[in-house]
Amino acid sequence: GYSNTEGGYNVFSGLESGYSNTTGSYNSTYGSYAGRANTTGSYNSIYGPHAGKNNTSGGGNTFIGPQSGYSNSTGNYNAMHGSHAGYNNNGNYNVMMGYKDGYTNSTGSSNTFLGYSTDCSSANLTNATAIGANASVSASNSLVLGNGANVGIGTSAPAYQLQLSSDNAAKS
């Protein structure tokens, strides 16, 4: 909180953690350079070295893990858990849980990425979801399950891309 002027109820712990904060309040930053550029953003929880480092006015974010939310400057209400999760994100209402999840996303909002290195092929998708290791979604309002995986509903060992419990299958 080196530059703090009017911000209150903040906790800054780590080398240059919260360094540029001026009026932002209710922030918790832990780790070297965590939330370093934050000036007016409030209600952020930032944990890990370089996590949320470039956040300036984004609020209501949770960045947990080294360099998670690293490039976020104005994005709000994001949850990014895992090393490099949401690294290039500057959108709103995104959930990224896993190593390098949502790495390509920069301005997209309301997206969900769950699993090791899940991502999108476009930087500005909306309401897109990728679940499973290395899964990637390429269109807004879409859901991708797995990376070449078979999906079962009511079965634990699907043999097709989509298999229903009634032994009927959707084949490609």
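Residues numbered from 1 in each chain as written. Predicted model: local features only at pLDDT ≥ 70, side-chain atom pairs only at ≥ 80, totals over all residues. Heavy atoms only, no water.

Peer 1: Would you take a moment to explain unusual backbone geometry for this structure?
Peer 2: A negative phi angle characterises most non-glycine residues, just as the trans form characterises most peptide bonds. The backbone of Tyr-33 sits at a positive phi, close to 65 degrees, despite the residue not being glycine. Counting through the fold element by element, Tyr-33 comes out in the loop between strand E2 (28-30) and strand E3 (45-47). Phi is positive for His-50, close to 65 degrees, though the residue is something other than glycine. Mapped onto the elements, His-50 comes out in the loop between E3 and strand E4 (62-64). (Helix = DSSP H or I, 4+ residues; strand = E, 2+ residues; numbered from the N terminus.)

Peer 1: Please clarify how the side chain of Ser-68 should be interpreted in this entry.
Peer 2: Topologically, Ser-68 is positioned in the loop between E4 and strand E5 (79-81). Engagement of the side chain of Ser-68 in a polar contact is seen with the backbone nitrogen of Ile-64, the distance being 3.2 Å. Look past the residues within four positions of Ser-68 in its chain and what remains in contact with it is Ala-51, Gly-52, Phe-63, Met-80, Gly-82, His-84 and Ala-85. (Polar contact = N/O pair within 3.5 Å; in protein donor to acceptor, adjacent residues only side chain to side chain. Contact = heavy atoms within 4.5 Å.)

Peer 1: In this structure, what is going on with a nonpolar patch on the surface? I would like to understand it.
Peer 2: Among the surface-exposed residues, Met-97, Leu-114, Ile-131, Leu-143 and Leu-145 lie close enough to one another that they form a single nonpolar patch of about 400 Å² accessible area. By the element assignment, Ile-131 lies in strand E9 (residues 129-131). By relative accessible area, Ile-131 is classed as partly exposed at 32%. (Patch = residues over 30% accessible without salt bridge, like charges linked within 9 Å, V, L, I, M, F, W, Y side chains within 5 Å. Areas by Shrake-Rupley, 256 points an atom, 1.4 Å probe, with all protein chains shown as cover. Salt bridge = Lys/Arg side-chain N within 4 Å of Asp/Glu carboxyl O. Buried < 20%, exposed > 50% of the residue type's maximum accessible area, 1.4 Å probe, protein only.)

Peer 1: Can you help me understand the packing of aromatic side chains in this one?
Peer 2: In total, this model carries eight aromatic pairs according to the counting rule given. Summarising the aromatic geometry, the rings of Tyr-26 and Tyr-43 are spaced 4.9 Å apart at their centres and angled 5 degrees between planes, so their arrangement reads as stacked. Linking Tyr-26 in the loop between strand E1 (11-13) and E2 with Tyr-43 in the loop between E2 and E3, this pair joins segments that are 17 residues apart in sequence. Ring geometry for Tyr-87 and Tyr-103: centres 5.3 Å apart, planes at 15 degrees, overall stacked. Of this pair, Tyr-87 sits in the loop between E5 and strand E6 (95-97) while Tyr-103 sits in the loop between E6 and strand E7 (112-114); the two residues are 16 residues apart in sequence, bridging distant segments of the chain. With a relative accessible area of 17%, Tyr-87 lands in the buried category. Linked through ring pairs, Tyr-9, Tyr-26 and Tyr-43 together constitute an aromatic cluster. (Phe/Tyr/Trp six-rings, centres within 6.5 Å; stacked < 30°, edge-to-face > 60°.)

Peer 1: Please explain the pattern of salt bridges as it appears in this structure.
Peer 2: Pairs can form between side chains of opposite charge whenever their charged atoms are close. All chains considered together, the criterion is met by one salt bridge. Between Arg-36 and Glu-16 there is a salt bridge; the shortest N-O distance is 2.4 Å. On the criterion of sequence distance, the pair formed by Arg-36 in the loop between E2 and E3 and Glu-16 in the loop between E1 and E2 is long-range, its members being 20 residues apart.

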